[in-house]
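Structure assessment
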Amino acid sequence: TSTYSTTLHATRGNLLDRYGNPLVANEQVFSLQFNRSNWKTANQSEVILSLLNLIKSKGTTYQDSLPISNAPFSYTISAGADVAIRKDFDKYLEKNDWDPNLKASEVVTLMSEKYHLADNYSNAERRAILGLLYDMEVAEFSVYNPFLFLENVDMEIITAIRERSFYYSGVEIITQSSRVYKTDV
């Protein structure tokens, strides 16, 4: 038996007008997060690609922060780029003892080796998997630090993940409260 703790966020109260009509209310939303305690690194690439394909089939996408384009691989950051993105990427290269002057294609090759990606993935699939793995590492994904994958997830996606919960081991469905502002009053 294994146990872990999770944070439950308190729901804030509703705000009503003088007639009792809600001005601000709460709405239940679902988020997906990865929990390292149950995460299986042996098939993580397969699970990540399956998740990315699932959410895409339901009209949702995940926008990663890896500053490398799809093939032909090239850097997407310029001299005036977002400082945080540049800083995270430089820190990632340094942490892995990789030369900051590497070409984007060389970084993709090194990342593929680091994360043990099989050769059977297309360039687009490889880039998508590496983008999510990069974000997980930048966010310092660990037993003590789960990785928030998506927020405000559609119920069809939640249902599909619950139906295959054994396959999606380490993917948790988090219920949260979101504020809704009633402007039609």
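Each chain has its residues counted from 1, running along the sequence as written. It should be noted that, the model being predicted, local features are given only for residues of pLDDT at least 70 and side-chain atom pairs only at 80 or more, the latter also being counted only at that level, while totals for whole chains, interfaces and linings use all residues. Working from all heavy atoms in the structure, the side-chain values ignore hydrogens and water.

1. As for unusual backbone geometry
Here is the rule: Secondary structure elements follow DSSP: runs of H or I no shorter than four residues count as helices, runs of E no shorter than two count as strands, and numbering proceeds from the N terminus. Under the scheme applied here, a residue whose accessible area is under 20% of the maximum for its type counts as buried, over 50% as exposed, and between as partly exposed, the area being computed with a 1.4 Å probe on protein chains only.
Omega for the peptide link from A71 to P72 comes to -5°, which places this bond in the cis form. For D97, which is not glycine, the phi torsion reads 55° and is therefore positive. Within the element layout of this structure, D97 appears in the loop between α2 (83-95) and α3 (104-114). In this structure, H116 takes a positive phi of about 55° despite not being glycine. Mapped onto the fold, H116 is located in the loop between α3 and α4 (123-138). On the accessibility criterion, H116 (70% relative accessible area) is exposed.

2. Looking at the pairing of strand β2 (residues 22-34)
Each regular strand carries side chains that alternate between the two faces of the sheet. Worth spelling out the cut-off: Pairing between two strands is assigned when DSSP locates at least 2 bridges connecting them.
Sheet analysis places strand β1 (residues 15-16) next to β2, joined by 2 bridges and oriented antiparallel. Each bridged residue has a counterpart across the sheet, and for L15 the counterpart in β2 is V24. Hairpin connection from β1 to β2: 5 residues lie between these consecutive antiparallel strands, with G20 at a positive phi of about 90°. With 3 bridges joining them, β2 and strand β3 (residues 147-150) adopt antiparallel strand pairing. Each bridged residue has a counterpart across the sheet, and for L32 the counterpart in β3 is L150.

3. Some remarks on helix α5 (residues 155-163)
Heads up, the rule is: Arc, as used here, means the arc of the directions from the helix axis to the C-beta atoms. Here a polar contact is taken to be a pair of N or O atoms separated by no more than 3.5 Å, where protein atoms must pair a possible hydrogen donor with a possible acceptor and residues adjacent in sequence count only if both atoms sit in side chains.
Those residues of α5 not exposed but buried are I157, I158, A160 and I161. All buried residues of α5 fall inside an arc of 165° around its axis, so they share one side. Its side-chain oxygen 3.0 Å from the backbone nitrogen of E156, D154 forms the N-cap of α5.

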